[in-house]
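Take a look at the letters that make up each chain.
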Amino acid sequence: MASRVSVCSILLLVAAFSFSGISASEGDGAEPREFVLTLDQSNFSETISKNDFMVIEFYAPWCGHCKKLAPEYEKAASILSNHDPSIILAKVDANEESNRELASNYEVKGFPTLKILRNGGKTVQDYKGPRDAEGIVEYLKKQNGPASFEIKTAEDAASIIGEDKVVVVGVFPEFSGEEFTNFTALAEKLRSDYEFGHTLDAKLLPRGESSVKKPTVRLFKPFDELFVDFQGFHLDALERFVEEASVPTVTLYNKDPSNHPYVIKFFEGPNAKAMLFMNFSDQSEAYKIKYQEVAEEFKGKGISFLLGDVEASQGAFQFFGVKEDQVPLLIIQTSDGQKYLKPNLEPHHIASWIKDFKEGNVLPYKKSEPIPETNNEPVKVVVADTLQEMVFNTGKNVLLEFYAPWCGHCKNLAPILDEVATYFESDPDVLIAKLDATANDIPQDSFDVKGYPTLYFRSSSGKIVQYDGDRTKEDIIDFIQKNRDPTTHQSSPKEEL
């Protein structure tokens with residue numbers, strides 16, 4: 001659970017695809033027909049149960065990316081309504097209180113989130129295609145067809161095996177048997193991530209041995225060795241092979257959108273993540289060469305490698321709380337959210353520092369805002385460097401808000417928390433505090449922060465519980481009173497509720 005928070009956060013660093021707007025269709029003054037179906041908790045289950053294939057967008061009305069997607073999504077829906085069979089696109093307002101449980105059931109952690117539902121909703125997959133109308137249409141037509149495409153000619157092979165994507169092809173003596181069945185199951189499971197093909201003749205394929213004597217999976221890719229064969233057909237082994245072989249030895253992070261799918265896969269992977277940030281325009285090739293050598297040396301040893309251009313990495317720098325004057329900068333983030341930094345390194349530092357990390361000889365780095373010089377407001381400011389002192393070791397009952405400066409809900413909550421803090425101002429055993437979760441590291445073994453604002457209460461004896469009640473002064477005060485530890489210093493309330 002802890003690692004998921006870090007992964008979700010870091011994925012925000014990947015450059016967003018730009019959407020192009022379209023004009024509303026002209027008409028005779030009548031309301032234009034909406035092709036995107038609107039769903040909510042009252043009609044969701046019944047609707048999806050009646051359809052073998054649907055796409056659902058979970059959105060929030062205030063979300064800028066959702067607003068940019070809306071005209072493209074509507075245009076795609078109108079085109080796909082004429083497809084045979086028709087492909088239904090729908091949307092759910094996940095910000096609506098009555099729909100939040102629905103969004104939670106589908107693991108919606110950000111907006112917009114698009115899901116592909118198959119077999120009446122029994123199979124759910126993430127939508128991982130383009131977000132322009134034309135791209136959505138082409139992607140969904142493929143998703144609604146067979147999971148694997150039969151390659152009968154060299155032209156068929158050329159039509160799906162391109163120079164800029166990962167394609168998985170199964171070569172079989174016949175389209176039957178356990179190997180073919182497992183390959184087909186793999187294609188169905190991973191079809192939203194990769195294109196799959198199958199053939200009886202390896203000679204049709206552009207790369208690799210033309211004579212294949214036993215069932216073989218050949219993965220084509222636009223990096224490293226360009227293709228790799230695999231002949232293990234247990235479903236778990238097949239999936240592991242595809243997932244590992246489809247990630248570059250060193251993932252490139254720059255402004256080229258063709259690299260974005262590999263960046264996403266890099267961050268979704270379970271390994272520790274080594275990230276070298278440098279200036280691609282004026283720093284020596286020696287770094288890239290040495291980094292590639294080290295990545296190959298540690299391949300399969302629990303570390304994945306990314307090389308980031310500082311020009312494209314401003315979001316990453318903000319996320320990690322580092323500065324450009326620290327480049328060349330090597331960061332390792334582990335699955336438990338710990339971070340390790342080596343700033344201003346030289347090429348010959350790379351191998352030895354990663355070896356030291358693997359042997360446990362590198363101390364973790366903690367991102368923290370500066371400790372405030374004054375902290376006189378009713379709601380006290382906590383930063384990462386004061387979290388232990390003000391929350392864990394204070395001996396008080398602490399209500400702590402995790403917020404983001406840009407979050408509208410946080411801004412609405414702020415005056416309410418001020419009132420709560422004022423209510424408890426004369427009580428020495430209660431502290432109301434806030435922490436900017438975008439600028440400070442959070443101990444993920446104690447707090448599971450997936451969105452903003454998130455409120456946690458820690459009693460003076462150490463019991464931690466998340467607050468999920470109404471965001472009113474009265475409800476928050478009542479929650480604190482019910483969950484606080486009894487003390488001899490508890491004073492009477494300043495005012496009646």
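The notes below deal with the structure included here. If you're wondering where the values come from, they're calculated on a predicted model, not measured in any experiment.

Things to note about the overall build of the protein chain
Alright, step 1. Of regular secondary structure, the protein chain possesses 15 helices and 20 strands.
Alright, step 2. Referenced to the eigenvectors of the C-alpha coordinate spread, the extents of the protein chain come out at roughly 85 × 70 × 45 Å.
Alright, step 3. Expressed as a percentage of the 497 residues in the protein chain, the buried residues total 45%.
Alright, step 4. Partitioning the intrachain contacts of the protein chain with sequence separation of at least 6 by distance along the chain shows that 68% fall at a separation of at least 24.
Alright, step 5. As presented, the protein chain carries roughly 25,300 Å² of accessible surface, and 49% of it is formed by carbon and sulfur atoms.
Alright, step 6. The positive charge centre, built from 53 side chains, and the negative charge centre, built from 78, are 3 Å apart in the protein chain.

Here's the deal with the nonpolar core
Alright, step 1. Counting residues in each nonpolar core, the largest one holds 22 residues, and the members touching the most others are L276, Y291, I303, F305, I332 and I354.
Alright, step 2. For this core, the elements supplying multiple residues, two or more each, are strand 12 (272–278), helix 10 (285–297), strand 13 (303–309), strand 14 (329–333) and helix 12 (349–358).
Alright, step 3. By size, the runner-up hydrophobic cluster in this structure holds 20 residues, among which are A147, A187, V242 and Y262.

Considerations on the packing of aromatic side chains
Alright, step 1. Tallied over the full model, the rule gives 25 aromatic pairs.
Alright, step 2. Taken together, a centroid distance of 5.9 Å and an interplanar angle of 75° make the contact between F183 and F196 edge-to-face. Placement of F183 in helix 7 (residues 178–190) and of F196 in strand 8 (residues 195–199) is noted, with a sequence separation of 13 residues between them. This pair shows no difference in class: F183 is buried, exactly as F196 is.
Alright, step 3. On the basis of an interplanar angle of 80° and a centroid distance of 5.9 Å, the ring pair of F457 and F479 is categorised as edge-to-face. Remark: F479 occurs in helix 15 (residues 473–483) and F457 occurs in strand 19 (residues 454–458); sequence separation between them is 22 residues. Residue F457 shares its accessibility class with F479, and that shared class is buried.
Alright, step 4. Ring-pair connections join several aromatic residues into one group, and the members of that group are F172, F175, F180, F183, Y194, F196 and F233.
Alright, step 5. Sitting above the plane of the Y403 ring, K434 keeps its charged end 5.8 Å from the centroid.

Concerning the sheet that holds strand 11 (residues 250–253)
Alright, step 1. The mixed open sheet is built from five strands, whose spatial order is 11-13-12-14-15. Strands with a single pairing partner mark the edges of an open sheet, and in this sheet they are strand 11 and strand 15 (339–342). Taking the axes of each pair of neighbouring strands and ignoring which way they run, one obtains an average angle of 20° across the sheet.
Alright, step 2. Bridging between strand 12 and strand 14 involves five bridges; their strand directions are antiparallel. Within strand 14, the residue paired with K273 across the bridge is Q333.
Alright, step 3. Lying over the sheet, helix 10 contacts strand 11, strand 12, strand 13 and strand 14, oriented at roughly 165° with respect to strand 13.

Things to note about the environment of A295
Alright, step 1. Turning to its location among the elements, A295 is positioned in helix 10.
Alright, step 2. Under the relative-accessibility criterion, A295 is labelled buried at 2%.
Alright, step 3. C-alpha separation for the pair A295 and A316, spaced 21 residues apart in sequence, amounts to 21 Å.
Alright, step 4. Each residue touching A295, except ones within four places of it in the same chain, is listed here: T249, V250 and F305.

A closer look at the pairing of strand 9 (residues 216–220)
Alright, step 1. Here strand 9 lies mainly inside the structure; five of its five residues are buried.
Alright, step 2. One ladder, built from five bridges, connects strand 7 (residues 167–171) with strand 9; its direction is antiparallel. The partner of V169 across the bridge, within strand 9, is R218.
Alright, step 3. Pairing analysis gives four bridges linking strand 9 to strand 10 (residues 227–230), with the strands arranged antiparallel. In the strand pairing of strand 10, L219 is matched with V228.
Alright, step 4. Counting the residues that bridge the hairpin from strand 9 to strand 10 gives six residues, and of these D224 lies at a positive phi of roughly 50°.

Side note on the packing of helix 14 (residues 408–423) against helix 15
Alright, step 1. Following both chains from N to C, one finds helix 14 and helix 15 inclined at 45°, their axes separated by 9 Å at the closest point. As far as their axial angle goes, helix 15 and helix 14 are oblique. The element helix 14 and its partner helix 15 pack so that their crossing is right-handed. Listed contacts from helix 15 to L413, I416, L417, E419, V420 and Y423 of helix 14 are K473, I476, I477, I480 and Q481.

Describing the sheet that holds strand 8
Alright, step 1. Ordered in space as 6-8-7-9-10, the five strands form an open sheet in which the pairing is mixed. At either margin of the open sheet sits one strand with a lone partner, and together these are strand 6 (148–150) and strand 10. Strand after strand, the sheet turns through a mean of 25° between neighbouring axes, direction not considered.
Alright, step 2. On top of the sheet, helix 8 (residues 235–245) reaches strand 7, strand 9 and strand 10; it is set at about 165° to strand 10, its chief contact.

Focus on the packing of helix 3 (residues 64–80) against helix 5 (residues 133–143)
Alright, step 1. Between helix 3 and helix 5, whose axes approach to 8 Å, the crossing angle comes to 45°. With respect to their mutual orientation, helix 3 and helix 5 come out oblique. Between helix 3 and helix 5 the crossing geometry is right-handed. Together, L69, E72, Y73, K75, A76, I79 and L80 of helix 3 and A133, I136, V137, L140 and K141 of helix 5 make up the contact between the two elements.
Alright, step 2. Of the residues belonging to the contact of helix 3 with helix 5, the class tally is nine nonpolar, no polar and three charged.

Here's the deal with the side chain of T454
Alright, step 1. Counting through the fold element by element, T454 comes out in strand 19.
Alright, step 2. Relative accessible area serves as the criterion here: at 6%, T454 is assigned to the buried category.
Alright, step 3. A polar contact is formed between the side chain of T454 and the backbone oxygen of G451, at a distance of 2.6 Å.
Alright, step 4. Other than its neighbours up to four places away in sequence, T454 contacts L400, E401, F402, D448, V449 and Q466.

The rules behind each value
Residues numbered from 1 in each chain as written. Predicted model: local features only at pLDDT ≥ 70, side-chain atom pairs only at ≥ 80, totals over all residues. Heavy atoms only, no water. Helix = DSSP H or I, 4+ residues; strand = E, 2+ residues; numbered from the N terminus. Buried < 20%, exposed > 50% of the residue type's maximum accessible area, 1.4 Å probe, protein only. Contact = heavy atoms within 4.5 Å. Areas by Shrake-Rupley, 256 points an atom, 1.4 Å probe, with all protein chains shown as cover. Lys, Arg positive; Asp, Glu negative; His and termini not counted. Charge placed at Lys NZ, Arg CZ, Asp CG, Glu CD. Core = buried A, V, L, I, M, F, W, Y, C linked by side-chain atoms within 4.5 Å. Phe/Tyr/Trp six-rings, centres within 6.5 Å; stacked < 30°, edge-to-face > 60°. Lys NZ or Arg CZ within 6 Å of the ring centre and 35° of its normal. Pairing = 2+ DSSP bridges. Axes fitted to C-alpha atoms, helices over the stretch in contact; angles between N-to-C directions. Parallel < 35°, antiparallel > 145°, perpendicular 65-115°, else oblique. Left-handed = near helix turned anticlockwise from the far one by under 90°. Nonpolar A, V, L, I, M, F, W, Y, C, P; charged D, E, K, R; others polar. Polar contact = N/O pair within 3.5 Å; in protein donor to acceptor, adjacent residues only side chain to side chain.

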